[in-house]
Amino acid sequence: MDLLRDAEIDPSPLAGKRVAILGYGNQGRAQALNLKDSEIDVVVGLRGSSGSAIEAESAGLQTDLLENAVASADVVMMLAPDEIHAALYHEVEPHLHKGAALGFSHGLSVRFGFIQPRPDLDVFMIAPKGPGTALRSLYKQGKGMIAVWAVEQDATGYAAGIAQAYGSAIGCGRAGLIASTFAEEAEADLFNEQAVVWGGVPELLIAGFETLVAGGVSPELAYLECVGELKLIAELIEARGIAGMREAISNTAELGALLGGKRIVDEAVRERMAQILAEVRAGRFADELRNEEASGYERLEKARQEARSTLLDQTYRSLKETE
Ligand SMILES: NC(=O)c1ccc[n+]([C@@H]2O[C@H](COP(=O)([O-])OP(=O)(O)OC[C@H]3O[C@@H](n4cnc5c(N)ncnc54)[C@H](OP(=O)(O)O)[C@@H]3O)[C@@H](O)[C@H]2O)c1
């Protein structure tokens, strides 16, 4: 595997450079603070109306309006939500220096054409494989989070060096940087979100819970069985891999998993997974995301409200109260 660690990474492409972080949310906050602690000159770029300026400044970060931050920077990281990137890039492009580097933590907006970066810019990606809270807490513990790196456009000849030095400065070089492309990262990430960890797994938990409740089992027990045990398996897989996890559980659970797992995830499920991957690659999800933003996030708001009123969520809350 092509995995780069700090020992192989030259930090000098970022030396003396100024980095503008656009957005102070999940990733923006963590990356800005990690850069500052790595002694990189960093400024957080925010809209005039942003409530995040006070928080960033009280954490010791310099802030400025988007256009000023961009105009003062050699490296600009797009850390606002993906569906905002087109409008945000349009707003800041006139302020980007010739030959500046434009960075992303997800390949989506470049892969699916939300942005067509100016030809004189270096365009790179450092995509930490986890949330900003964990990126920050690992950094503070002297550890790092694995990240994917890529170069989409190398206008100056230094894009790869800047990407790697940036990954190292936010702490990801301690765990490793995996080489990829914007297209591969974006497609794999969107596939996983829909078909596996964020889409498939929760729906499997809900279906299991509802099947047990319909079969006469109390909601509390159904919840503990179908949802509550997820953390245990996640930790076992993280520590031992899937084969090691299976060896660590009881023979009863292992045999049950062997007999039941492939009946649930059968060929029809795999075919639908392949269909989702093809749709992602054809840009169908990117269109959905654009439409969702344009509608003021109507579907997401409705789904959030519905999820809060389910028996499963009520059961979760009543079990939490007993803790
Ligand atoms: N979340 C994750 O765990 C994660 C993991 C890996 C990669 N990523 C990637 O990291 C990037 C950032 O995601 P995120 O989850 O960190 O985003 P986020 O938390 O939703 O970003 C919020 C920040 O974006 C700013 N923002 C929103 N709309 C804006 C606009 N129109 N103009 C300027 N700023 C605007 C907000 O400004 P205000 O302060 O004014 O509200 C806020 O500071 C995305 O490309 C995402 O795919 C995320």
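What counts as what
- Residues numbered from 1 in each chain as written.
- Predicted model: local features only at pLDDT ≥ 70, side-chain atom pairs only at ≥ 80, totals over all residues.
- Heavy atoms only, no water.
- Near = heavy atom within 4 Å.
- Polar contact = N/O pair within 3.5 Å; in protein donor to acceptor, adjacent residues only side chain to side chain.
- Helix = DSSP H or I, 4+ residues; strand = E, 2+ residues; numbered from the N terminus.
- Axes fitted to C-alpha atoms, helices over the stretch in contact; angles between N-to-C directions.
- Parallel < 35°, antiparallel > 145°, perpendicular 65-115°, else oblique.
- Left-handed = near helix turned anticlockwise from the far one by under 90°.
- Contact = heavy atoms within 4.5 Å.
- Nonpolar A, V, L, I, M, F, W, Y, C, P; charged D, E, K, R; others polar.
- Phe/Tyr/Trp six-rings, centres within 6.5 Å; stacked < 30°, edge-to-face > 60°.
- Buried < 20%, exposed > 50% of the residue type's maximum accessible area, 1.4 Å probe, protein only.

Draft legend 1. Here's a closer look at the site of the ligand. Lining the immediate environment of the ligand, one finds 21 residues, of which Tyr-24, Gln-27, Ser-50, Ser-52 and Asp-82 sit closest. One of the side-chain nitrogen or oxygen atoms of Arg-47 is found 3.0 Å away from an oxygen atom of the ligand. Counting only elements with at least two residues in the shell around the ligand, the list comes to helix H1 (26-37) and helix H4 (85-92).

Draft legend 2. Representation of the packing of helix H8 (residues 182-195) against helix H13 (residues 267-281). Running from amino to carboxyl end, H8 crosses H13 at an angle of 135 degrees, the nearest separation of the two axes being 9 Å. It follows from the interaxial angle that H8 and H13 lie oblique. Handedness of the H8/H13 crossing: right-handed. Between H8, through Glu-187, Leu-190, Phe-191, Gln-194 and Ala-195, and H13, the contact on the second element is made entirely by Met-273, Ile-276, Leu-277, Val-280 and Arg-281. The residue makeup of the contact of H8 with H13, split by class, is seven nonpolar, one polar and two charged.

Draft legend 3. Representation of the packing of aromatic side chains in the model. Overall, the coordinates contain four aromatic pairs when judged by the stated rule. Seen from their ring centres, Phe-124 and Tyr-166 are 5.8 Å apart, and the 55 degrees between their planes marks the pair as tilted. Taken together, the positions of Phe-124 in strand S7 (residues 122-128) and Tyr-166 in helix H7 (residues 159-169) put the pair 42 residues apart, joining distant regions of the chain. Taking relative accessible area as the criterion, Tyr-166 reaches 0% and is therefore assigned buried. With centroids separated by 6.5 Å and ring planes inclined at 80 degrees, the aromatic side chains of Phe-209 and Tyr-223 adopt a geometry described as edge-to-face. Residue Phe-209 is located in helix H9 (residues 200-214), and its partner Tyr-223 is located in helix H10 (residues 219-228); the two are separated by 14 residues in the primary sequence. Here Phe-209 falls in the buried class, since its relative accessible area comes to 2%.

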